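# Survey of secondary and tertiary structure
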Amino acid sequence: MTDEIFDVIVIGAGPAGENIAQYAREGGDLHVALIERELVGGECSYYACIPSKALLRPIEVAATAADLDGIRGVQLDAMALLRRRDRWISGYDDAGQAAWVASAGLTLVRGQARLIGERRVAVVTTDGELGQERTLKARHAVVLATGSEAILPPLYAAALPWSSRDATGVVEVPRRLAIVGGGVVACEAAGWLAALGSEVILLVRDQRLLGRVESFAADLVLAAMRERGIDVRLGVEVTGCRRPEARDTGLGRIHGGTVELDVDGTTLRVDEVLVAVGRRPRLGDVGLEAVGLDDAAVRAGAVPDWLVAVGDASGEPQLTHWGKYRGRVLGEAIAARVAGRAPAPLPPLVPLPQAIFTDPPIGSVGMTYADAVAAGVEVAVARVPWAAAAGGALARDTVRGAAQIIVDRATGCLVGATFVGLEAPELIHAATVAIVGRIPVDVLRHAVPSYPTASELWLRMLEELPRQLRDPR
């Protein structure tokens, strides 16, 4: 079989794969193949970020309107909410994304890909002549952008529980739903499924929610969830799961009869269970063994110079925006290497931002206080309530939230920030810019926030810092 020759072959057409392909192509006018086994656009576009936010935004707006004196008659329309979700995911049709691939000058290959040797890839096609095998060879680089897959512990497998895909693709709303997990997926899904009418029980092994954010932020989310009637059980262990009538009824539909869960010596009966205990890089079927590698080697970056991993597949943080950023950086680096030039230098510090769309939502970036202590950084911490700024207090009649910055005493620069409150994810980018730009707080205090907006929280936090940081003279 004759190899089809490309400069770069990218396996996986999710956001990270699309970005590395685009930037490699633009940076060197390279011939790039983009291979996808499912939908072009990947998990984020159809099963994660986009559908979940399409569901959550109207819920957030309705909750805000219901809380504001002067508005009456606010209610959600569940069917209209699901129709909105379906519009944003184009009914699981990727024609629009495929058109973008063509417009970017990339060659789309649909099928299941696996490595078969150095810079060689076999693809069992899923378009054209189904099942036909094509072999592709890269002159310069093969990229693994295969994303991640939900972890399903064996305890739950026979019960055919919901994954995050079922939760975002919900068609039949369970009357009573158990969610196993206390991370971002579990907490966000609890919000929209409760709003759609489920009685939600959140079963969390840890003693807190959202283990990677500041504890004050997690506490605010926990209190709000319980106020809305979500039954959050912390520090519990699921030791058994049974569903005698388990059936594969399709995405977002209840998968059979009643589920029985053994939880700390008691039996919990629910109509459905969503298992949201994390994700792992999807590397099991990409042929690593053909080139003498395994999953651990890829995650550690111990790969030959012609092989690149990006996005969730790399073992780096599983956030779409981080995968896209790394795709841009690595795509440019591939193009530079092919052209024989040095890649563009990177700033010394690129912090990781995150947006969590709970109620209240969270925006965070950089180090937590615990991270800073563990790293031996001597820091000053300033935290103020959300109502400390008139704009924050005006946004709802019931104000819930807080904002915090962490400053390195040695440099006077921000190393981390966490905002919890209405529109918090929209405010956090200012902290990201301050960290990347290494702007000391004695300069940052001259960035004048508009009145009355929630951005005045910045002024309040800076005022809470020790005077010698604000005025080091």
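Please refer to the structure placed before this passage.
Attention here is on the structure that accompanies the text. (Residues numbered from 1 in each chain as written. Predicted model: local features only at pLDDT ≥ 70, side-chain atom pairs only at ≥ 80, totals over all residues. Heavy atoms only, no water.)

## Side note on the pattern of salt bridges
By the definition in use, this model includes 31 salt bridges. Across the salt bridge formed by glutamate 43 and arginine 279, the nearest N and O atoms sit 3.8 Å from each other. With glutamate 43 in helix α2 (residues 42-47) and arginine 279 in strand β14 (residues 279-281), this pair connects stretches of sequence that are 236 residues apart. On the accessibility criterion, arginine 279 (25% relative accessible area) is partly exposed. Of the charged contacts in the structure, one is a salt bridge between aspartate 94 and arginine 110, with a shortest N-O distance of 2.9 Å. Placement of aspartate 94 in the loop between α4 (78-88) and α5 (95-103) and of arginine 110 in strand β3 (residues 107-117) is noted, with a sequence separation of 16 residues between them. (Salt bridge = Lys/Arg side-chain N within 4 Å of Asp/Glu carboxyl O. Helix = DSSP H or I, 4+ residues; strand = E, 2+ residues; numbered from the N terminus. Buried < 20%, exposed > 50% of the residue type's maximum accessible area, 1.4 Å probe, protein only.)

## Comments concerning the nonpolar core
Counting 38 residues, the largest nonpolar core has Trp192, Leu193, Leu202, Leu209, Leu210 and Met225 as the members making the most contacts within it. For this core, the secondary-structure elements that each account for two or more residues are α3 (49-67), α4, β7 (176-180), α8 (184-195), β8 (199-204) and α9 (215-227). Examining the composition of this core, we find that 7 residues originate from one element, α9, more than from any other. Setting aside chain neighbours within four positions, we find leucine 209 in contact with Gly182, Cys187, Leu202, Val204, Ala218, Val221, Leu222, Met225, Val232 and Leu234. With 27 residues, the next largest nonpolar core counts Ala382, Ile405, Leu444 and Trp458 among its residues. (Core = buried A, V, L, I, M, F, W, Y, C linked by side-chain atoms within 4.5 Å. Contact = heavy atoms within 4.5 Å.)

## Thoughts on a nonpolar patch on the surface
Taken together, the side chains of Tyr369, Val373 and Val381 make up a nonpolar region of the molecular surface, amounting to roughly 260 Å² of accessible area. Position of valine 373 relative to the elements: it lies in helix α12 (residues 369-374). (Patch = residues over 30% accessible without salt bridge, like charges linked within 9 Å, V, L, I, M, F, W, Y side chains within 5 Å. Areas by Shrake-Rupley, 256 points an atom, 1.4 Å probe, with all protein chains shown as cover.)

## Structural notes on the side chain of glutamate 188
Turning to its location among the elements, glutamate 188 is positioned in helix α8. When near neighbours in sequence (up to four residues on either side) are disregarded, glutamate 188 contacts Ser52, Lys53, Leu56, Ala355, Ile356, Phe357 and Thr358.

## Overview of α8
The periodicity of an α-helix, 3.6 residues per turn, causes residues three or four places apart in sequence to face the same way. Helix length check: α8, at 12 residues, gives a terminal C-alpha distance of 17 Å against a target of 16 Å (1.5 Å per residue), a fit within 8%. Taken as a whole, α8 has its buried residues at Ala186, Cys187, Glu188, Ala189, Ala190, Gly191, Trp192 and Leu193. (Expected span 1.5 Å × (residues − 1).)

## Description of the packing of helix α1 (residues 15-28) against helix α11 (residues 320-339)
Geometrically, a packed helix pair is captured by the angle between its two axes and the distance between the axes. Two elements in contact, α1 and α11, have axes separated by 7 Å at closest approach and are oriented at 25°. As far as their axial angle goes, α11 and α1 are roughly parallel. The chirality of how α1 crosses α11 is right-handed. Touching Pro15, Ala16, Asn19, Ile20, Tyr23, Ala24, Gly27 and Gly28 of α1 are Thr320, Gly323, Lys324, Gly327, Arg328, Leu330, Gly331, Glu332, Ile334 and Ala335, all from α11. Residues of the contact of α1 with α11, tallied by class, amount to 8 nonpolar, 7 polar and 3 charged. (Axes fitted to C-alpha atoms, helices over the stretch in contact; angles between N-to-C directions. Parallel < 35°, antiparallel > 145°, perpendicular 65-115°, else oblique. Left-handed = near helix turned anticlockwise from the far one by under 90°. Nonpolar A, V, L, I, M, F, W, Y, C, P; charged D, E, K, R; others polar.)

## What to know about the sheet that holds strand β13 (residues 272-275)
Taken in spatial order, the 4 strands make up an open sheet running β9-β8-β7-β13, and their pairing is parallel. The strands lining the two open edges of the sheet, one partner per strand, are β9 (231-234) and β13. Direction aside, the axes of adjacent strands within the sheet are offset by 15° on average. Two strands pair when backbone bridges link them, and β7 and β13 are joined in this way by 4 bridges, in the parallel orientation. Counted as the bridge partner of valine 180 is valine 275 from β13. Set on the sheet, α8 makes contact with β7, β8 and β13; between it and β8 the angle comes to about 170°. (Pairing = 2+ DSSP bridges.)

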